[in-house]
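Chain and residue survey
Each chain is listed here by its residues.
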Amino acid sequence: MGSQTLQILRQGVWAALSGGWYYDPHQATFVNALHLYLWLFLLGLPFTLYMALPSSMIIVAVYCPVIAAVFIVLKMVNYRLHRALDAGEVVDRNANEFKDQRAKAEQGNCSIRRKDSNGPSDPGGGIEMSEFIREATPPVGCSSRNSYAGLDPSNQIGSGSSRLGTATTIKGDTDTAKTSDDISLSLGQSSSLCKEGSEEQGKFSSTLYETGGCDMSLVNFEPAARRASNICDTDSHVSSSTSVRFYPHDVLSLPQIRLNRLLTIDTDLLEQQDIDLSPDLAATYGPTEDAAQKVKHYYRFWILPQLWIGINFDRLTLLSLFDRNREILENVLAVILAILVAFLGSVLLIQGFFRDIWVFQFCLVIASCQYSLLKSVQPDSSSPRHGHNRIIAYSRPVYFCLCCGLIWLLDYGSRNLTTTKFKLYGITFTNPLVLISARDLVIVFTLCFPIVFFVGLLPQVNTFVMYLCEQLDIHIFGGNATTSLLAALYSFICSIVAVALLYGLCYGALKDSWDGQHIPVLFSVFCGLLVAISYHLSRQSSDPSVLFSLIQSKIFPKTEEKNPEDPLSEVKDPLPEKLRNSISERLQSDLVVCIVIGVLYFAIHVSTVFTVLQPALKYVLYALVGFVGFVTHYVLPQVRKQLPWHCFSHPLLKTVEYNQYEVQNAATVMWFEKLHVWLLFMEKNIIYPLIVLNELSSSAETIASPKKLDTELGALMITIAGLKLLRSSFSSPTDQYVTVVFTVLFFKIDYEAFSETMLLDLFFMSILFNKLWELLYKLQFVYTYIAPWQITWGSAFHAFAQPFAVPHSAMLFVQAAVSAFFSTPLNPFLGSAIFITSYVRPVKFWERDYNTKRVDHSNTRLASQLDRNPGSDDNNLNSIFYEHLTRSLQHSLCGDLLLGRWGNYSTGDCFILASDYLNALVHLIEIGNGLVTFQLRGLEFRGTYCQQREVEAITEGVEEDEGFCCCEPGHVPHVLSFNAAFSQRWLAWEVIVTKYILEGYSITDNSAASMLQVFDLRKVLTTYYVKGIIYYVTTSSKLEEWLANETMQEGLRLYADRNYVDVDPTFNPNIDEDYDHRLAGISRESFCVIYLNWIEYCSSRRAKPLDVDKDSSLVTLCYGLCVLGRRALGTASHHMSSNLESFLYGLHALFKGDFRISSIRDEWIFADMELLRKVVVPGIRMSIKLHQDHFTSSDEYDDPTVLYEAIVSHEKNLVIAHEGDPAWRSAVLANSPSLLALRHVMDDGTNEYKVIMLNRRYLSFRVIKVNKECVRGLWAGQQQELVFLRNRNPERGSIQNAKQALRNMINSSCDQPIGYPIFVSPLTTSYSDSHEQLKGILGGPISLGNIRNFIVSTWHRLRKGCGAGCNSGGNIEDSDTGGGTSCISNNAPIANDPHSTVSQGSIGNTGRGSGAGLHPPVTAYPPTLGTSHSTHSVQSGLVRQSPAWASVASQSSYCYSSRHSSLRMSTTGFVPCRRSSTSQISLRNLPSSIQSRLSMVNQMEPSGQSGMACVHHGLPSSSSSSQSIPACKHHTLVGFLGTDGGQSSSAPDAPPGNTLSPANNAHAKKGEVIYRVQIVDPSQILDGINLSKRKELQWPDEGIRLKAGRNSWKDWSPQEGMEGHVIHRWVPCSRDPGTRSHIDKTVLLVQIDDKYVTVVETGVLELGAEV
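Cut-offs used in this document
Residues numbered from 1 in each chain as written. Predicted model: local features only at pLDDT ≥ 70, side-chain atom pairs only at ≥ 80, totals over all residues. Heavy atoms only, no water. Core = buried A, V, L, I, M, F, W, Y, C linked by side-chain atoms within 4.5 Å. Buried < 20%, exposed > 50% of the residue type's maximum accessible area, 1.4 Å probe, protein only. Helix = DSSP H or I, 4+ residues; strand = E, 2+ residues; numbered from the N terminus. Contact = heavy atoms within 4.5 Å. Pairing = 2+ DSSP bridges. pLDDT = per-residue confidence, 0-100. Expected span 1.5 Å × (residues − 1). Bend = angle between axes of the 7 residues up to and from the residue. Axes fitted to C-alpha atoms, helices over the stretch in contact; angles between N-to-C directions. Salt bridge = Lys/Arg side-chain N within 4 Å of Asp/Glu carboxyl O. Parallel < 35°, antiparallel > 145°, perpendicular 65-115°, else oblique. Left-handed = near helix turned anticlockwise from the far one by under 90°. Patch = residues over 30% accessible without salt bridge, like charges linked within 9 Å, V, L, I, M, F, W, Y side chains within 5 Å. Areas by Shrake-Rupley, 256 points an atom, 1.4 Å probe, with all protein chains shown as cover. Phe/Tyr/Trp six-rings, centres within 6.5 Å; stacked < 30°, edge-to-face > 60°. Lys NZ or Arg CZ within 6 Å of the ring centre and 35° of its normal. Polar contact = N/O pair within 3.5 Å; in protein donor to acceptor, adjacent residues only side chain to side chain.

Membership of the largest hydrophobic core comes to 122 residues, with the highest contact counts inside it found for L889, W902, L924, F1087, L1117, L1121 and W1164. The element that contributes the greatest number of residues to this core is helix α39 (residues 1113-1132), accounting for twelve residues. Residues in contact with L1121, not counting those within four places in the same chain, are I1029, V1033, W1164, I1165, L1171, V1175 and V1176. Membership of the second largest hydrophobic core comes to 68 residues, among which are F492, W514, Y601 and I691.

As structure tokens, then:
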């Protein structure tokens, strides 16, 4: 603890104050001395020049070139040294007295080296590599460049002058030992290179061979024969070494060496002699040991093309001296910044801004800024990441330059003010005193740089730029929060462009003449464009990446080349395409809506309504916005909360799902949700634009007057204020009504004299209120967090800090106000009650785009998949549920927010979604008009103890609490008790809803061990495994190819023998049902006994059944595959299938696709590996599902039909895959209904197998809204504690549970490695257009295409309703979407042309008899050129069914002609009818004989006859229970019914010319199917219609007319329940006057005995056809 504290004080506190310099005892004296002298030089140079020279530009002229020269030299040398180390150009220089001895030793021992290179000391003639690492290692990124080792052109290693592989030893006094880690490079050579090496001393091979990522400059190559001479004297900072042996094949393939080959740690290498060294070799090389110690190891540093010097340096020492700048641009930027700091600092010094001691302080600031460019503070207090941060080095000089420039500008402005005065709210901003005060404030801030950077009040540069652009865009231009630096710049530039476009119109309008009753038309144009542009900008996301992607896809479409061999080729994420489509729809909608809005508001403004109706209009608008806003954003959200006003115990307005235990369907739209949507729509699209336009009209002339801001500045302010108010009201109108009402009351009643026109008042008050809301949230967080009655001390420091925080409460409030002004988090120091202000951050908060990368087979090596099974921990596997939850939220979140289901929301709000096992934090980042950008952070399923306590706090109810102080008197019904109400007010969170419905996956896991514990259950699994293999091989489209494959048949030749038996010991009689006990194996005979029936059945279900017998090739293939599959299972189980653990291990290996072909008899499978991938793997996976089904119905699958249908059903509705398979993730994201996997869990010491079943359903979540300042503060505290203060204690006090603030849940949701969420989503944007329920309320997007479709559909409905000769009461129901057949005809009327009629027999070939006759003729004409027939939908009439069809709905169906009149088959020809789009006959009620005959209808019926074009849809097979017959097939069904009813079908077809006129219809029953009806509503009987003088109906026969009324009934009257048969129908809109109804309902003429009754169709119940 003490050493860590000292390290923090040195590297954190002192380095932050000095700019990076501190004394490091772990570094050598040279390094520390160089740092000290360099820092003193940078500090003393400006101070000395200022004191020694007069205050003139001479100081600048001397100071800047010196700094430029120093930095250029240092940066260039540093860069070149790193390049030299990257190149690895090594030179070994030896003492002269040992040169001859070394040369003789080389020549004399070549043969010895060749002989002993493969000795026991170095098997394989390998080379050993050692790496010495400091205790404080540099970051990984600092040495990631590739290094090179020299090889000669023949791929043989060249070693330079030392061909005996001599190595430099670290030797000398302590100081020398601490100076550097001389990690040298010397390559041992084989004897074939001895002579060449002795001749070319001091030279290095020209060939450079890249080592594939290993930093070769950090390692020491030496031959094993020289290891005895390389015993290094270790010092205190050498902690470990890495030893890896490379053998000849490794040496020759050096480019392929990966960094993961340097993982074997040998800690004893520095402390022991090599005991394997041969005595002969030791004696031979003994004389050269001393010589080796005198060898100096250098890197060649080129000064000039022909001049170089040797550098005795290594990478670690160089990195400890100076930071590495990898790119030339970084070095250039550092030099420019250093010169700029020197220039601006010296200019301020000579201008006399600093006096006395402050000169030295300012020089200290300059030195710290310049020194940070050489050796930065790592880690900095404002660094957002662990390790070396390259960006943070530029923070100090950049901020210094900004502050110095600001000081100079403010000073220049105070001395050169114009006469024009700029005054707002009594403050004259052009007053020199104001500018001088601001200048002095910046000077003080600059002098406090060491303290500012130590505390961490300024972020790194890119964060500051993003924050600045975002804040300006939000508060000045009314924009939204941004998601990245690029998005911030893009959004800011868009706002600037919009202001520039509008400024010209506004300026021109203000230059025009104004009077009390006249507003220039140009200003009206400006207002209309202002509303339209504001609307468009509010609907656009700040992130332009999707828009750029859309443009790129339209201009440069990419053709995707799919590789069928790539298993990932079919895996495609649908989200990017969905986002592009959403953006495209919104742009098309904006194209129309913006034009409409612009024209509409221009018309409203130019109508002088804002001048004539004043002042009454503005007060009406103020009152309206106050009322609507109060109801929409306060009353409705409060009464829908779980605890309204923290007083009631349940919502006052409940949803349908509130009392449901388990939700089965999507959330029902309630009336108050519709009310909320319409109020919100009216508020932001009508009321606020009218208010802004009203204020523009009344304030523009005053603002642009010379007394205020003049025309130029006034036009700019009007444009900016209007744009800001409109965009903010479109995007987030939640708190706008409070701002408007308060501004009106404050400036109209209280302080009217201070008003600067209502437009500017609203503009500035909107900014002020935004800060006041933020201050309120901060104070609520502080009060809640430090309340003494609920404080939770997580450590001893918390208890110590609590009382010391009380005296500093005033400072705390000042910090809260300052942090609210700058929008910075207020974080508790180490989780205690002491609060400090952090640095400014954007709304997004986290500075890097971190998101979880799921570990699966697509991003891991194959070897690791098979051996270590990465990603098998629960957290990685469960992260997919949060990813699916993110996609569900992407689809519905924006719509649900607009429906008010999450209560009030604003930019930066944080919510927690809590379910049974899912706990996720949702951070709302960008809120626009119809869009929301959010980020989801999923917590662990099985969290820590602290997390569980907080989860209990947010899920437990307080309705039953009966406490009142210390007693429990109870509470009023439906009202909270006093204690409960009090406690709910002292929380940093509140429950919004308890039943938020969202589509997700329910997880069911069963222990595989319990399911397979006994042998019988394992036997069942193996049986299903074999049957699964047989199913997949027989259903494969490549079966014929496999059976014809000669290589495969040759490999299966043994299996074709009838007497063949496989006696592999892996087969077990306990788990193999076809095990032959007599032959002690699985014989072909025993296999056929068990599985031949299943093979025959599967073959019979093929389109082309194959011959199946015991000797067939199909049985041979199945037998071979099943033996192979079971042998693979036994091999994976280590031939221990009787052991449960081994069996599960093998089962899981096969489930994930790890098949090991261990027997030579199974190598025939290599003829086509598709057999494994498409047959065996699906077989083992399907067997697990069938095994699960076995528990619910053990005997059901004994029937082959049932088993076959079950497998087919599972293939359709179930995805079975390993969770590491990319197909698993793809299926989850594609919303598959069900998934199944076998999971191997190895976490926290557990080692178990689970069968995981996922079922898509609607999940119920609790939505908890958390104080966003609480979240930001806790996140900032964790980042500072872990990164800057280096607190690595996993049980630190700052993450202990605190129920009032949910401290543990919030802190654990931080970005890794600060927090530990199992999933962090990328920033995801949800659009309101994808929410179907919201579209049902407001309608879909308005685009040109949608408008065209609407007009076309409306025109078709009008034509249908207003057909030729239609009465005024015609039916215009929409039935354009019916039908299984689309029949196209022309507009010609139906005629009795024998050549244009098609008899019923020619179409349906149906029979005729007493119950079945000819259908009426169908006249069809070829379509005329230009006639649109794409929307025609023609259906034949619903034929009345037999009593067996009583369940069928008795509704008529339509058949449209080209004029879209609804026609119906009847005895009179084509007559109109209704409700065709939903009229279908269910097949499940038909007799089986009819079903079998109907299955052939599609092949029997021609697609078109006699000029009639019919598009037929295939009928499904009769096995489905939910199949239906399209309406156009009903006439075919009549013939089948007639035949099955025993009627004759031998009657001849009707003549073509027979049209069956209405006159003989009542007597001739040849062309119709008679059906019976029952009267159910006597009130709909038309008992006097036959005597009407208006003659509304044309009767089929005059005699029937006289009998069809009460005049002929006498004492008889029709009663409810009477039955009869229909003899005639009148239908609305019929072309035939004889069948045309006089009302918009169908009228039936029913014969009951000898009486005739006229009744409306809705008053009867159809009983079916008479047969």
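Note that strand β13 (residues 910-914) and strand β21 (residues 1248-1266) share five bridges and pair antiparallel. Each residue of the ladder has a partner; that of L913, found in β21, is V1263. Here strand β16 (residues 989-1007) runs beside β21; their pairing, made up of 16 bridges, is antiparallel. Within β21, the residue paired with W989 across the bridge is V1266. One ladder, built from eight bridges, connects strand β20 (residues 1234-1241) with β21; its direction is antiparallel. Counterpart to A1237 in the pairing with β21 is I1252.

A few words on the pairing of strand β23 (residues 1324-1327). Here β23 shows a buried face lined by T1324 and S1326 and a second buried face lined by T1325 and Y1327. As paired elements, strand β15 (residues 931-938) and β23 share four bridges and run antiparallel to each other. Among the inter-strand pairings, F934 is bridged to a residue of β23, identified as T1324.

Looking at the protein as a whole, its pLDDT mean stands at 75, while 72% of the residues score no less than 70. Counting interchain partners and residues more than four positions distant, the pLDDT-below-50 stretch residues 95-106 has 21 contacts. Low pLDDT (under 50) marks residues 1364-1567, which in the prediction has 406 contacts with non-local residues, meaning those over four places away or in another chain.

Here K1185 lies in helix α41 (residues 1170-1192). We classify K1185 as buried; its relative accessible area is 12%. Look past the residues within four positions of K1185 in its chain and what remains in contact with it is H1210, L1214, I1216, L1236 and M1253.

Bringing helix α21 (residues 575-606) into the picture now. The end-to-end C-alpha separation of α21 is 45 Å, in line with the 46 Å expected for 32 residues at 1.5 Å each. At D590, α21 is deflected by roughly 25 degrees, the largest bend along its length. One or two steps after α21, the chain reaches T608, where phi turns positive at roughly 60 degrees.

With that settled, consider helix α26 (residues 736-750). Here α26 is 15 residues long and its end C-alpha atoms lie 20 Å apart, about the 21 Å a rise of 1.5 Å per residue gives. Buried residues along α26 sit against α23 (616-640), α24 (671-703), α25 (710-731) and α27 (758-786).

We now examine unusual backbone geometry. Backbone geometry follows two general trends: most residues other than glycine have a negative phi, and most peptide bonds adopt the trans configuration. Note the cis peptide between Q378 and P379, where omega equals -5 degrees. On the secondary structure map, P379 appears in the loop between α13 (357-371) and α14 (395-415). Residue Q1312 is joined to P1313 through a cis peptide bond whose omega torsion reads 5 degrees. As for its placement among the helices and strands, P1313 is situated in the loop between α45 (1303-1308) and β22 (1319-1320). You will see that C965, though not glycine, has its phi angle at about 60 degrees, which is positive. Following the sequence through the fold, C965 ends up in the loop between α32 (945-955) and α33 (978-985).

A few words on the sheet that holds strand β33 (residues 1571-1575). Sheet strands line up and pair through hydrogen bonds in the backbone, either parallel or antiparallel. In space, the five strands of this open sheet follow the order β36-β35-β34-β33-β37, with antiparallel pairing throughout. This sheet does not close on itself; its edge strands, each paired only once, are β36 (1651-1656) and β37 (1660-1665). Geometrically, the sheet is characterised by an average inter-axis angle of 40 degrees between neighbouring strands, direction not taken into account.

Summed over the entire model, instances satisfying the criterion amount to 53 salt bridges. Between D323 and K375 there is a salt bridge, with the nearest N and O atoms lying 3.8 Å from each other. One end of the pair, D323, is in the loop between α11 (315-321) and α12 (328-350); the other, K375, is in the loop between α13 and α14, with 52 residues separating them in the sequence. The same class applies to D323 and to K375, which are both buried. For D411, the salt bridge goes to R439, with nearest N and O atoms at 2.6 Å. Of this pair, D411 sits in helix α14 while R439 is found in helix α15 (residues 432-447), placing the two residues 28 residues apart along the sequence. Exposure remark for R439: the relative accessible area of 15% places this residue in the buried category.

Their axes nearest at 11 Å, the elements α41 and helix α42 (residues 1200-1213) cross at an angle of 120 degrees. The pairing of α41 with α42 is recorded here as oblique in orientation. Classified by chirality, the crossing of α42 by α41 is right-handed. Residue-level contacts link M1182, K1185, L1186 and D1189 of α41 to L1203, I1207, H1210 and E1211 of α42.

We now examine a nonpolar patch on the surface. Taken together, L591, I595, V599, I1342, L1344, I1347, F1350 and I1351 make up a surface patch of nonpolar side chains, about 800 Å² in accessible area. Residue assignment for the nonpolar patch shows that the elements contributing at least two residues are α21 and α47 (1344-1361). Per-element tally for the nonpolar patch: the top contributor is α47, with four residues. Turning to its location among the elements, F1350 is positioned in helix α47.

With respect to the helices and strands, the residue F934 is situated in strand β15. Overall, F934 belongs to the buried group, its relative accessible area being 0%. For the pair F934 and L889, spaced 45 residues apart in sequence, the C-alpha separation works out to 9.1 Å. Apart from residues lying up to four places away in sequence, F934 is in contact with T886, L889, Q890, L893, V922, H923, L924, I925, P1322, L1323, T1324 and S1326.

This brings us to the packing of aromatic side chains. All chains considered together, the criterion is met by 59 aromatic pairs. Both rings, one in Y751 and one in F754, keep their centres 6.0 Å apart while their planes meet at 65 degrees; by these two values the pair is edge-to-face. On the basis of relative accessible area, F754 is assigned to the partly exposed category, the value being 45%. Aromatic side chains Y1097 and Y1204 sit 5.6 Å apart centroid to centroid with 80 degrees between the ring planes, which places their arrangement in the edge-to-face category. You can see Y1097 sitting in helix α38 (residues 1084-1100) and its partner Y1204 sitting in helix α42, a full 107 residues away along the chain. Summarising the burial analysis for this pair, Y1097 and Y1204 share the class buried. Here the aromatic residues Y425, F742, F746, F747, Y751, F754, F763, F764 and F769 are joined through ring pairs into a cluster of three or more. We note R1181 situated over the ring of F1151; from NZ or CZ to the ring centre the distance is 5.3 Å. Its end group placed over the ring of W1612, K1651 keeps NZ or CZ at 5.6 Å from the ring centre.

By the element assignment, S381 lies in the loop between α13 and α14. The exposure class of S381 is buried, given its relative accessible area of 6%. From its side chain, S381 meets the backbone oxygen of F454 in a polar contact 3.3 Å long. Once you skip the residues sitting within four places of it in the chain, S381 turns out to touch F453, F454, V455, G456 and F1284.

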